[in-house]
Amino acid sequence: MNSSPNASSSVSTKSDNSDLLDQSVLSTLAQRLVEAAKKAGADAADAVAVRGVSHGVEVRDGKVEASERSEGDDMGLRVFVGRRQAVISTNDMSGDNVAQLAERAVAMARVAPDDQYVGLADPALLARDFANLDLLDPVVPSVSELERRAVEAEEAALAVKGVTKSGGASASTGIGGMVLVTSTGFQGSYLRSSHGVSMTAIVGDGTNMERDYAFTSALHASDLESPASVGKLAGERTVARANPRKVPTCKVPVVYDPRISNSLVGHVIGAANGASVARKTTFLKDSLGKQLFSSNIRIIDDPLRVRGLRSQSFDAEGVATSRQAIIDGGVLTTWLLDCATARELGMTTTGHAHRGVSSSPSPGAYNLHMEAGDVSPEDLIADIKEGFYVTDLIGSGVNGVTGDYSRGAGGFWIENGKLTYAVSEITIAGHLFEIFKSMTPANDLTFKYGVNAPTVRVEGLTIAGR
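Residues numbered from 1 in each chain as written. Predicted model: local features only at pLDDT ≥ 70, side-chain atom pairs only at ≥ 80, totals over all residues. Heavy atoms only, no water.

## Re the side chain of Asp315
Topologically, Asp315 is positioned in the loop between β8 (299-301) and β9 (324-328). One buried charged residue, Asp315, forms no salt bridge at all, with the nearest opposite charge on Arg78 at 8.5 Å. Contacts of Asp315, omitting those with residues within four sequence positions, involve Met178, Leu180, Thr321, Thr349, Gly351, His352, Ala353 and Tyr366. (Helix = DSSP H or I, 4+ residues; strand = E, 2+ residues; numbered from the N terminus. Buried < 20%, exposed > 50% of the residue type's maximum accessible area, 1.4 Å probe, protein only. Lys, Arg positive; Asp, Glu negative; His and termini not counted. Salt bridge = Lys/Arg side-chain N within 4 Å of Asp/Glu carboxyl O. Contact = heavy atoms within 4.5 Å.)

Rendered as structure tokens:
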């Protein structure tokens with residue numbers, strides 16, 4: 001368990017939360033579940049326990065509108081009888097429920113269809129060393145501290161000239177984690193904390209209202225941007241969007257702001273998911289080992305980043321995680337695989353299994369980022385006579401099967417290498433293969449989200465305007 005003390009007098013102390021940070025009871029329950037499953041006739045089994053605690057407040061016009069807290073521990077058991085699998089979950093582990101749950105799961109597995117790909121991970125692939133990733137800030141903010149953060153953000157936004165009203169500010173905190181025990185002898189656990197502050201501001205009134213936002217999130221409160229800076233940024237972004245114009249339909253370069261350029265990384269990784277490859281429901285199904293981007297593009301998944309928002313040293317099957325270049329030199333190097341998907345594709349798991357208590361594992365990413373390029377954001381747009389700088393994307397018009405891309409968008413029009421007036425209610429469209437080929441990253445990468453990318457320029461997208 002890692003610690004990061006916080007000197008604020010308005011937060012709870014570590015000792016106040018000792019029960020919350022102690023996963024020994026969950027580990028014992030998971031071990032009992034696995035033993036009960038074996039006793040009930042399972043050939044193999046694993047158990048997960050998931051802990052989730054969160055508290056958030058919402059403020060508008062200086063008053064608390066909502067304050068919500070949730071807390072719970074949930075257990076899941078997966079059993080195998082031959083090549084048959086069943087998954088069962090509960091949040092009630094009192095009395096003799098452990099034995100009953102295990103017997104029910106084994107009974108379900110015996111009538112399940114055969115699946116040649118299911119099974120626990122190869123013991124040789126299991127994590128043996130657990131790096132200190134500094135995921136846990138054990139000092140939990142008090143309700144009054146959360147309220148203070150939200151109020152400070154709102155006041156800063158309303159102080160920006162031109163902001164007419166608040167869309168609401170919020171502050172949140174939480175602790176979540178997992179325990180995994182398998183019948184092959186693996187035992188692992190982790191806890192990670194979370195803190196966040198967000199603000200939405202509004203400019204104009206009636207049908208001429210525009211809004212924008214800003215937020216900060218981190219595992220440790222000391223890594224948060226100040227609430228005042230979040231509020232000020234939200235206000236400034238909102239004022240810049242006042243009185244937007246329409247633009248005619250055209251085909252121009254499109255530049256993605258860092259807060260939404262990460263969506264392009266998400267499209268790559270979503271299409272490289274091994275489960276989609278196995279089902280042949282991805283446009284990248286025949287692209288492994290092929291050049292998709294220019295040679296200076298690298299997309300990294302790093303589950304071992306210290307204080308990373310999605311860091312962990314083992315996956316949901318106990319397999320050791322590792323830093324991997326999914327795109328290296330513009331080439332797609334691997335699929336994201338869990339054990340069952342890897343077996344189906346005749347490959348080895350990449351340690352990307354994710355799982356809830358009521359589901360079997362499936363592949364997913366950790367801390368993703370596109371590496372920075374060599375040019376500044378200013379130089380990236382300097383030669384654009386007419387183009388579009390995107391700050392906001394709307395809807396989900398991306399077809400992962402065909403690669404067709406169409407998103408509602410807002411942002412700013414580029415003229416002669418400069419951002420000019422605000423633009424709204426347009427659509428940007430193209431195909432992901434063409435988007436990937438023409439991407440150019442700037443040098444302004446920062447690590448703020450679970451998926452990060454610098455400013456990115458894409459050539460020749462269609463703008464559907466007036």
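## Description of helix α6 (residues 258-271)
Residues that lie three or four places apart on an α-helix share one face, since the helix turns once every 3.6 residues. Between its terminal C-alpha atoms α6 stretches 21 Å, which fits the 20 Å expected from 14 residues at 1.5 Å a residue. Judged by how many residues are buried, α6 sits mostly within the fold: 11 of 14 residues are covered. Among all positions of α6, only Arg259, Ile260, Ser261, Asn262, Ser263, Leu264, Val265, His267, Val268, Ile269 and Ala271 are buried. The distance from a side-chain oxygen at the start of α6 to the backbone nitrogen of Arg259 is 3.0 Å, and the residue carrying that oxygen is Asp257. (Expected span 1.5 Å × (residues − 1). Polar contact = N/O pair within 3.5 Å; in protein donor to acceptor, adjacent residues only side chain to side chain.)

## A look at the side chain of Thr182
Relative to the assigned elements, Thr182 resides in strand β4 (residues 165-182). When its relative accessible area of 6% is taken as the criterion, Thr182 is described as buried. Filtering out sequence-adjacent residues up to four positions away, Thr182 remains in contact with Val34, Ala45, Asp46 and Leu120.

## Structural notes on the sheet that holds strand β5 (residues 187-203)
Read from one edge to the other, the open sheet built from six strands follows the order β3-β2-β1-β4-β5-β6, with strand pairing classed as antiparallel. Of all the strands in the sheet, the pair left with one neighbour each is β3 (84-90) and β6 (210-218). Along the sheet, successive strands turn relative to each other by an average axial angle of 20°, direction set aside. As judged from the nine bridges shared by β5 and β6, these two strands associate in the antiparallel manner. (Pairing = 2+ DSSP bridges. Axes fitted to C-alpha atoms, helices over the stretch in contact; angles between N-to-C directions.)

## Thoughts on the environment of Leu288
One can find Leu288 in the loop between α7 (274-279) and β8. Residue class for Leu288 comes out partly exposed when judged on its relative accessible area of 35%. Setting aside chain neighbours within four positions, we find Leu288 in contact with Leu332, Thr333, Thr334, Trp335 and Met347.

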